[in-house]
Amino acid sequence: MKVGDLLTLLVERDVRLKPSGDRLIVNAPSGALTPELAAAIRDNKAEILAVLSEISDGSDTRYVRGPEPSSEATGCLSPSQERLWTVSQLDPANPRYSLCDTLRLQGTLDVSALERALQAVCERHGLLRSRFVSAAGGEARVVTEEDCRLTLERIDLSGYPSERVESIARDRMEALAMVPFDLTNEPALRAYLVSWGSDEHLLGIVTHAIIWDAASFEILVRETGQFYTQFVGRPSVMPAELRLRYDDYAYWQRLRQEAPDTRAAVAYWKGRLAGDLSPHPLPADIDSEGESVARGARIHAEIPRALSAAVHAYCRRSGVTPFMLWLAAYVLLLSRYSDSETLVVTTTVQGRDSPELERLIGTFTNHIFLGFEVDERRSFEDHVVNVRDIALDGFAHQNCAAESVIEALDVDLARSRLFQLNFTYRHSGGRPHPWGEVLILPGPVVDAHGINGDLALWMDETPKGEVTVDLSYRADRFSEGMITRLLDRLLSLLEQGLARPDLMLLDMSLSLSSAITSGRTPPPVVPVPAAVPALIGKPEQEKAEQLARMLGLCPGDRLMIADSGGGDAGYRIFERVAARSGVVASTPSRYSAHDERSLYSEISACPPEVLVTGVPMAAALSRLDTDSRVLGATTLIVNPRHAHPEVLRELIRSFSAVHYVLTSETHQGPILFAAGRAESGAVCVEPLEPVELMVVDRLGRASPIGVDGEIVLGVSPEEEGELRVPAGCRGRWLSADRIRVTAWHDRATLYKLADRLRGRLAEQPGVVDAHVEIRRADTGAARLLVWVEQSFGAEQTTTSLRDALSDLLPGRHCPTLIVDVPALPRRSDGSVVRERLPDPFGAPGMLGFELPRAGTEQSIAEIWADILGTERIGAHDSFAELGGTSLQALRVIQQMQLRLGWRVEPRLLFFQSLRRVAEYAPKDAIVRDRAA
């Protein structure tokens, strides 16, 4: 065992070592020091003493000392900067990492002095005049321009109406904040001054997260004020000289990643976050189909002083902080919304742990991932204590970069719950001091529409105890109304917990709060319907009468039952039920039951008032009846389970009405439970009398409006007690009588994407047939697989096909393999024989696979295979198709630079085939590899 690994293991077990001359004193908890560890300490005593000696005399800055000025640090990026640089290069036009801070300036402003003051701040902090480039050696480097002038761009709004000027100024700043940065060719800082009169101004600072954090804006405001006050001829205390540069911090942070305690922290997080890290299933209420960029938005509100005072009083009594208390309420809320007892919330810690770092502008923020298990059998006060303990334990292991944790977990951030749910509680420094005669006030919140993850709750507390909240969210997934309700419910949960700390979490409701003040009217509280008797267990005659009333049938009306053999044999009971109500039940001819054109002709001759059939047949009929001339007067009864949402919407458009029916294995007869509605691209259902639906969470509790749950039928058969029959889908209440269906199990999304891919492939020259499905590799990672059959002599490469599908494929976030096959194995009924499809995860030699050529291609393939953990890499595979993540890309780039002497651009690596990547390599790359 290496000494570094041994020291890491000892730190994990809380074993303390202390040198005393030639002796090594060991202090360990009971049971922590096994005989094997004791022997390892004895065998490595000399090396351990040497390491501890370095630490104790301060010569090893990685372990105990902070950053020091170093010539080796020039141009160095911190781990977080390197991650942001790589991600930005993958999508340079995306402003998701742009930040915008504003200040209101009131009074007579010397614009020239302000511009000089901002320039002086830039000259103090090299990061504000730096560019990020790929150096000749290949690695990303920071280039600081010595002569870089900052231009304060002025915008005059004096001609606009006074009542609109402030909103116009905010809109202008919002538009400017969405202009992406070209990090290679320009500094990541822009300054704007919006004026509407001689003494009203808005100063806007737009930056990129690669150089900025929340404390950086406070530093800029303070130092700009100091320089401005001096430049206008007033006495001012000037900023102290900076001994360190941000480069020094970045260099030190890289060195300390090898320290034993840092490695122990990585091991802690790897164990703490073991298990399922797939995204939390939050109830999105906007169909984001076609969105290529995550759009951010936010709502801002103020917390009443009374509630803030109650929070502080509880904290004093219970030994917790406001951060922990608000986090506890946030965790409980998100557990309810995601209907899950496990949760990961990402929070931030500031790496400015010395006075020298507190004066530097840069990105010092680190992230820690707090994993929670919400046991609703706990009381609220016990839940808060549990959150406190988890938070304290996490803060005790914050000394490793989040990037190291992500790499150790080997997880793709785009497909994980890390950074999905975020929480930050900050103590602001209060209002800045005036700049001479200019009064400084907080500016409006300007949204740059960039966001990481789905939700980010930011809470700010001033020295006076005033608390404001900003809730950022994915505007392409969530509506403002839903987020407003979410924030109101957060306050409601906290109010309930403060009023009764002994209240069980099970008994806390998601009612809406009236405490929040933001100029909004809280949405109305909609009661959740209770279960009532349904059709199950009723006498046959009563069942028939109820069915007739539900469908609006009269004696003599026609009801056609077309069972196409799709597993809906339970529909046959409609014949007996219809006969008892005087309705004429019929079935199509034997041939028509399996042929949509014959059935369509039969229906056209005498359209029935009601048609009972399966989804595939109903969809085929609707495509034949393009203008609803025949089906427009017919009510369809169909079992919606596993149906594609788009197909259901098509049926709703084609038929007079669509009623959903379920067949139950437990009880005889169908359950007619809802009418389908199509609204804003979504499928909604309305309960049919006398059936009422319920939306319940994982614990069987009724879910309130806007919160996802399982849709069930609440039925109370005589002598059987209450039963809940699953409807086979999830959804949420939109109103007292309307439910939006959010998922028909988990097949709908795949079906939708598969249909779109097949349609696009059918348009490609030479493509004869295609099949799409999801399979998992040996590593457990899911891959979207596309098998393509092409005409002989007209074949396209898989890279060309991928280019043709680029706007449909989810890119690197959902890796796709395209497999070329001579013929798709299909049965006589047209279904694919999946067992005969070539397995892209199997042995080499599968059809359509080509080995990399000897030389550069082979070297690149070896690097990819080693880092991706797969033995087979094809010449036409791309890094994204193989499931590569952004952090794996960093390792590939470093290895290619080390072995080939060439740093590949991230976009080239991700989205081109291995062969195309090799074509960009220098001609002497393979020579360097052989020499290495």
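Naming follows an unreviewed UniProt entry, where the chain appears as Ornithine racemase., Phenylalanine racemase (ATP-hydrolyzing) of Thiocapsa marina 5811.

(A) Structural detail: the overall build of the chain. Looking only at helices and strands, the chain has 27 helices and 29 strands in total. When the 932 residues of the chain are sorted by exposure, 54% land in the buried category. Taking the contacts inside the chain whose residues are at least 6 apart along the sequence as the reference set, 70% of them involve residues at least 24 apart.

(B) Quick peek at the nonpolar core. Ranked by size, the top nonpolar core spans 78 residues in total, and within it Trp326, Leu327 and Phe423 carry the most contacts. Setting aside chain neighbours within four positions, we find Phe423 in contact with Phe323, Trp326, Leu327, Tyr330, Val345, Thr346, Thr347, Thr348, Leu457 and Met459. Leu109, Phe132, Val165 and Ile361 belong to the second-largest nonpolar core, a separate cluster that totals 70 residues.

(C) Structural detail: the side chain of Thr635. Mapped onto the secondary structure, Thr635 falls in strand β19 (residues 635–638). If we ignore the near neighbours within four places in the chain, the residues touching Thr635 are Glu609, Val610, Leu611, Ser656, Ala657 and His659.

(D) The arrangement of helix α2 (residues 35–43) in detail. Three or more residues of α2 are buried, namely Leu37, Ala38, Ala40 and Ile41. Looking straight down α2, one finds its buried side chains confined to an arc of 160°; they lie on one side. The exposed residues of α2 that point more than 90 degrees off its buried face are Pro35, Glu36, Arg42 and Asp43.

(E) Just the sheet that holds strand β6 (residues 152–156), in detail. With respect to topology, 5 strands assemble into an open sheet ordered β6-β7-β8-β3-β13, the strand pairing being mixed. This sheet does not close on itself; its edge strands, each paired only once, are β6 and β13 (439–442). On average, each strand axis in the sheet is tilted by 25° relative to the strand beside it, whichever way the strands run. Across the face of the sheet, helix α5 (residues 111–124) comes into contact with β3 (98–106), β6, β7 (189–195) and β8 (200–208) while running at roughly 145° to β6.

(F) Structural context of the pairing of strand β18 (residues 610–613). Burial of the side chains of β18 extends over both faces: Val610 and Val612 are buried on one face and Leu611 and Thr613 on the other. Relative to β18, strand β16 (residues 558–562) runs parallel, the two being bridged by 4 bridges. Within the sheet, the bridge partner assigned to Ile561 lies in β18 and is Val612. Judged from the 3 bridges that link them, β18 and β19 form a sheet pairing that is parallel. Within β19, the position partnered with Leu611 by the bridge is Leu636. Chirality of the crossover, the property in question, places the unit of β18, helix α19 (residues 615–624) and β19 among those that are right-handed.

(G) Highlighting the pairing of strand β10 (residues 342–350). When β10 meets strand β11 (residues 365–373), the two strands line up antiparallel, connected through 9 bridges. Bridge pairing in β11 links Val344 to Gly371. In this sheet, strand β12 (residues 421–427) lies alongside β10 in parallel orientation, the contact comprising 2 bridges. Along β12, the bridge assignment pairs Thr347 with Phe423.

(H) Just the confidence of the model for the chain, in detail. Residue-level pLDDT values for the chain average 79, and 79% of them are 70 or greater. Per-element averaging of pLDDT across the chain places helix α27 (residues 925–931) at the bottom with 57 and α5 at the top with 95. Low pLDDT (under 50) marks residues 55–64, which in the prediction has 17 contacts with non-local residues, meaning those over four places away or in another chain. Every residue in residues 565–569 is under pLDDT 50, and counting partners more than four places away or in other chains gives 4 contacts.

(I) Seen up close, the pattern of salt bridges. In the structure shown here, the tally under the stated rule is 34 salt bridges. Where Arg701 meets Glu376, a salt bridge forms, and the shortest distance between an N and an O atom there is 2.5 Å. Taken together, the residues span a long stretch of sequence, with Arg701 in the loop between β23 (693–696) and β24 (709–715) and Glu376 in the loop between β11 and α13 (380–395) at a distance of 325 residues. As far as the burial class goes, Arg701 and Glu376 line up, both buried. For Arg915, the salt bridge is made with Glu857, and the minimal N-O distance between the two is 2.8 Å. Of this pair, Arg915 sits in helix α26 (residues 914–919) while Glu857 is found in helix α23 (residues 856–868), placing the two residues 58 residues apart along the sequence. Taken individually, Arg915 and Glu857 each receive the classification buried, so the pair is uniform in this respect.

(J) Examining the packing of aromatic side chains more closely. All chains considered together, the criterion is met by 14 aromatic pairs. Ring centres 5.5 Å apart and planes at 50° place the aromatic pair Tyr246 and Tyr249 in the tilted group. Remark: Tyr249 and Tyr246 occur in helix α8 (residues 246–255); sequence separation between them is 3 residues, near one turn of the helix. Tyr249 matches Tyr246 in its accessibility class, with the two residues each being buried. Residue placement shows Arg116 over the ring face of Phe231; its charged tip is 4.0 Å from the ring centre. For the cation-ring pair, Arg190 lies above Phe181, with the distance from its terminal atom to the ring centre recorded as 3.9 Å.

(K) Quick peek at the environment of Ile48. Structurally, Ile48 can be placed in helix α3 (residues 45–56). For Ile48, a relative accessible area of 0% corresponds to the buried category.

(L) Region of interest: helix α9 (residues 260–272). With 13 residues, α9 extends 18 Å between its outermost C-alpha atoms, agreeing within 8% with the 18 Å of an ideal straight helix rising 1.5 Å per residue. Inspection of α9 places Pro260, Thr262, Ala264, Ala265, Val266, Tyr268 and Trp269 among the buried residues, and these make up the whole buried set.

(M) Spotlight on the environment of Leu409. Structurally, Leu409 can be placed in helix α14 (residues 402–409). Judged by relative accessible area, Leu409 falls into the buried class, the value being 17%. Taking C-alpha positions, Leu409 is 6.1 Å from Lys270, a pair spaced 139 residues apart along the chain. Leaving out residues up to four positions away in the same chain, Leu409 has contacts with Trp269, Lys270, Leu273, Leu277 and Leu418.

(N) Focus on the sheet that holds β12. Pairing within the open sheet is mixed, and its 6 strands lie in the order β9-β15-β14-β12-β10-β11. If you trace the sheet from one side to the other, it starts and ends with β9 (296–303) and β11, each paired once. Pairwise comparison of adjacent strand axes, ignoring direction, gives a mean angle of 20° for this sheet. With 7 bridges joining them, β12 and strand β14 (residues 455–461) adopt parallel strand pairing. Paired with Leu421 across the bridge in β14 is Leu455.

Rules and cut-offs
- Residues numbered from 1 in each chain as written.
- Predicted model: local features only at pLDDT ≥ 70, side-chain atom pairs only at ≥ 80, totals over all residues.
- Heavy atoms only, no water.
- Helix = DSSP H or I, 4+ residues; strand = E, 2+ residues; numbered from the N terminus.
- Buried < 20%, exposed > 50% of the residue type's maximum accessible area, 1.4 Å probe, protein only.
- Contact = heavy atoms within 4.5 Å.
- Core = buried A, V, L, I, M, F, W, Y, C linked by side-chain atoms within 4.5 Å.
- Arc of directions from axis to C-beta.
- Pairing = 2+ DSSP bridges.
- Axes fitted to C-alpha atoms, helices over the stretch in contact; angles between N-to-C directions.
- Right-handed = clockwise from strand over helix to strand, strands pointing away.
- pLDDT = per-residue confidence, 0-100.
- Salt bridge = Lys/Arg side-chain N within 4 Å of Asp/Glu carboxyl O.
- Phe/Tyr/Trp six-rings, centres within 6.5 Å; stacked < 30°, edge-to-face > 60°.
- Lys NZ or Arg CZ within 6 Å of the ring centre and 35° of its normal.
- Expected span 1.5 Å × (residues − 1).

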